[in-house]
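Take a look at the letters that make up each chain.
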Amino acid sequence: MLGDVVNAVAPQTPIELKSPREIDLLRKAGHVAAEILMDLKRSVAAGMTTQDVDALAARMMRERGVKPAFLHYRGYPAVVCASVNEEVVHAIPGPRRLKDGDILSLDIGIFLNDYCGDTATTFAIGKASPEAERLMKAGRESLEASIQAAVLGNRLGDVSHEMQRVVEEAGYHVVREYGGHGIGRAMHEEPHVPCFGTSGTGIRLTEGMALALEVMANAGTARILHKPDQWTVETEDGSLSVHYEKMVAITDRGPEVLTPHEN
Ligand code: MF3
Ligand code: CO
Ligand code: CO
């Protein structure tokens, strides 16, 4: 998140380290978020509108007794972000109808026992073009590489650098204006985690940090625009974009993915 301020160097407020009990609460929230995301991925099909996807997500959350985290967040009017093709992130669900070959970036957030679960993936409706497949593969591998870098002793710049490296080696571009974030009782906490960065720079990763790592990769230009709704982010050149997000805890046993799911 965070469109207005990008400050990877000095956090505005201290980073809240989580106790093992709090990590457990985030794990529980994260696991439910991951389950709902995968249920949605299985259920979404050509012919549905993104508004239909939103309604389905709202029902799944209700059935599991969890609260939507996005609804009313800074005035956001829906339960999920459903960004299609050239839409990058934060697309408000509406009448856009999904068709075979589209790619859908679906981002969901929930609260369970006051702790937030936030996770996203991009997948094809039916069969994707080889170009879309290649971009999705780069996005998945980028997020995976960044998770592997989320180890004690490394710095935040090492995590961000991995995201950027994998995306650029595949010939694509990371988005600069948005990124991942700390997560806990609030969806967005310090630190901001850009999808680009320099190894060996930034704050040192410490035990008890919980981060939502997010990769946004565009097939064409890195540059983005906002639609008139002020939420929906799209690529400036209309090229495809993907978004992958998982929550991780920094532990002495390595990174623990708190939202385990396939991409
Ligand atoms: N879940 C997004 C993120 O990954 C933020 C969505 S903000 C909303 O940080 F208002 F659009 F919900
Ligand atoms: Co998210
Ligand atoms: Co997030």
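Located above this text is the structure these notes cover.
This structure is a prediction, so every number in the text was calculated from the model and none was measured.

Chemist: Sorry, what's going on with helix α2 (residues 50–64) here?
Modeler: In an α-helix, one turn spans 3.6 residues, which is why side chains three or four residues apart end up on the same side. Taking 1.5 Å per residue as the helical rise, α2 with its 15 residues ought to reach 21 Å, and the 21 Å between its terminal C-alpha atoms agrees with that figure. Buried residues of α2: Thr50, Val53, Asp54, Leu56, Ala57, Met60 and Met61, and no others. Seen from one end, α2 has its buried residues packed into an arc of 165°, which puts them on one side. α2 presents Arg62 and Glu63 as exposed residues on the side facing more than 90 degrees away from its buried surface. Looking at the buried side of α2, the elements it contacts are α1 (20–43), β1 (67–68), β2 (80–84) and β4 (103–112). Within two residues after α2, glycine 65 carries a phi angle of roughly 70°, on the positive side.

Chemist: Help me out: how do you make sense of the coordination of the cobalt ion (ligand 3) in this one?
Modeler: As a benchmark, a tetrahedral metal site with four donors has ideal angles of 109.5 degrees, while an octahedral site with six donors has ideal angles of 90 or 180 degrees. For the cobalt ion (ligand 3), the protein coordination sphere consists of Asp118 (OD), His181 (NE2), Glu214 (OE) and Glu245 (OE), at 2.0 to 2.1 Å. Classification of the site at the cobalt ion (ligand 3) as irregular follows from its 6 donor atoms and the range of 53 to 171° in their angles at the metal. In this structure, the cobalt ion (ligand 3) lies 3.2 Å away from the cobalt ion (ligand 2), the two metals sharing aspartate 118 as a donor. One end of the pair, aspartate 118, is in strand β5 (residues 115–124); the other, glutamate 214, is in strand β9 (residues 210–218), with 96 residues separating them in the sequence. Grouping residues by exposure puts aspartate 118 and glutamate 214 together as buried.

Chemist: Looking at this structure, I do not really get the sheet that holds strand β10 (residues 224–226). What am I missing?
Modeler: By way of backbone hydrogen bonds, the strands of a sheet pair with one another, either parallel or antiparallel. On the basis of which strands lie adjacent, the open sheet formed by 3 strands has the order β3-β11-β10 and antiparallel pairing. With one partner strand each, in any of the chains shown, β3 (87–89) and β10 form the two edges of the open sheet. Across the sheet, the axes of successive neighbouring strands diverge by a mean angle of 40°, strand direction being ignored. As judged from the 3 bridges shared by β10 and strand β11 (residues 233–235), these two strands associate in the antiparallel manner. Pairing of histidine 226 across the sheet is with valine 233, part of β11.

Chemist: For this particular structure, what's the right way to read the coordination of the cobalt ion (ligand 2)?
Modeler: Ligation of the cobalt ion (ligand 2) by protein atoms is provided by Asp107 (OD), Asp107 (OD), Asp118 (OD) and Glu245 (OE), these donors lying 2.0 to 2.4 Å from the ion. For the cobalt ion (ligand 2), the 6 donor atoms are set out with angles of 58 to 161° between them, so the coordination reads as irregular. Considered as a linear motif, the donors of the cobalt ion (ligand 2) on their single chain read D-x10-D-x126-E.

Chemist: Please clarify how the side chain of glutamate 189 should be interpreted in this entry.
Modeler: Positionally, glutamate 189 belongs in strand β8 (residues 189–194). The class for glutamate 189 is buried, based on a relative accessible area of 16%. Here the side chain of glutamate 189 touches lysine 18 through a polar contact of 2.6 Å, side chain to side chain. Here alanine 186 takes part through its backbone nitrogen, which lies 3.5 Å from a polar atom of the side chain of glutamate 189. Apart from residues lying up to four places away in sequence, glutamate 189 is in contact with Glu16, Lys18, His181, Gly182, Ile183 and Gly184.

Chemist: How should I be thinking about the pattern of salt bridges in this particular structure?
Modeler: When charged atoms on two side chains of opposite charge get close, those side chains can pair. Summed over the entire model, instances satisfying the criterion amount to 20 salt bridges. For arginine 64, the salt bridge is made with glutamate 35, and the minimal N-O distance between the two is 3.5 Å. With arginine 64 in helix α2 and glutamate 35 in helix α1, the pair connects residues that are 29 residues apart, well separated along the chain. Judged by its relative accessible area of 42%, glutamate 35 is partly exposed. Here arginine 165 makes a salt bridge to glutamate 162, at a shortest N to O gap of 2.8 Å. One end of the pair, arginine 165, and the other, glutamate 162, are both in helix α4 (residues 156–169), 3 residues apart, so they sit about a helical turn from each other. The class of arginine 165 is partly exposed, set by a relative accessible area of 30%.

Thresholds applied
Numbering of residues starts from 1 in every chain and runs along the sequence as written. Note on labels: chains are lettered from A, ligands numbered from 1, in written order. Residue-level local features of this predicted model are given only where pLDDT is at least 70; pairs of side-chain atoms are given and counted only at 80 or more, and the full residue set underlies all totals for whole chains, interfaces and linings. No hydrogens and no water enter the side-chain calculation; it runs on all heavy atoms of the structure. A run of DSSP states H or I qualifies as a helix once it reaches four residues; a run of E qualifies as a strand once it reaches two. Both are numbered from the N-terminal end. By this rule, a helix spans an expected 1.5 Å times one less than how many residues it contains. Accessibility here uses a 1.4 Å probe with only protein chains present; expressed as a share of the type maximum, an area under 20% marks a residue as buried, one over 50% as exposed, and anything in between as partly exposed. Working note: the arc is built from the helix axis to C-beta atom directions. Contact between two residues is taken to exist if any of their heavy atoms lie within 4.5 Å; hydrogens are not considered. Coordinating donors are taken to be N, O and S atoms lying within 2.8 Å of the metal, or within 3.2 Å when the metal is Na, K or Ca; because water is excluded from the atom set, some sites may appear incomplete. All geometry calls rest on donor angles, where a four-donor set with angles between 85 and 135 degrees is tetrahedral, four- and six-donor sets with opposite donors more than 155 degrees apart and all others between 65 and 115 are square planar and octahedral, and all else is irregular. Between any two strands, at least two bridges found by DSSP are needed for them to pair. Helix axes are fitted only over the stretch in contact, all axes being lines through C-alpha atoms; the angle between N-to-C directions runs from 0 to 180 degrees. Two N or O atoms count as a polar contact when they lie within 3.5 Å, although within protein this holds only if one can serve as hydrogen donor and the other as acceptor, and sequence-adjacent residues are included solely when both atoms are side-chain atoms. Salt-bridge detection follows one rule: a side-chain nitrogen of Lys or Arg within 4 Å of a carboxyl oxygen of Asp or Glu.

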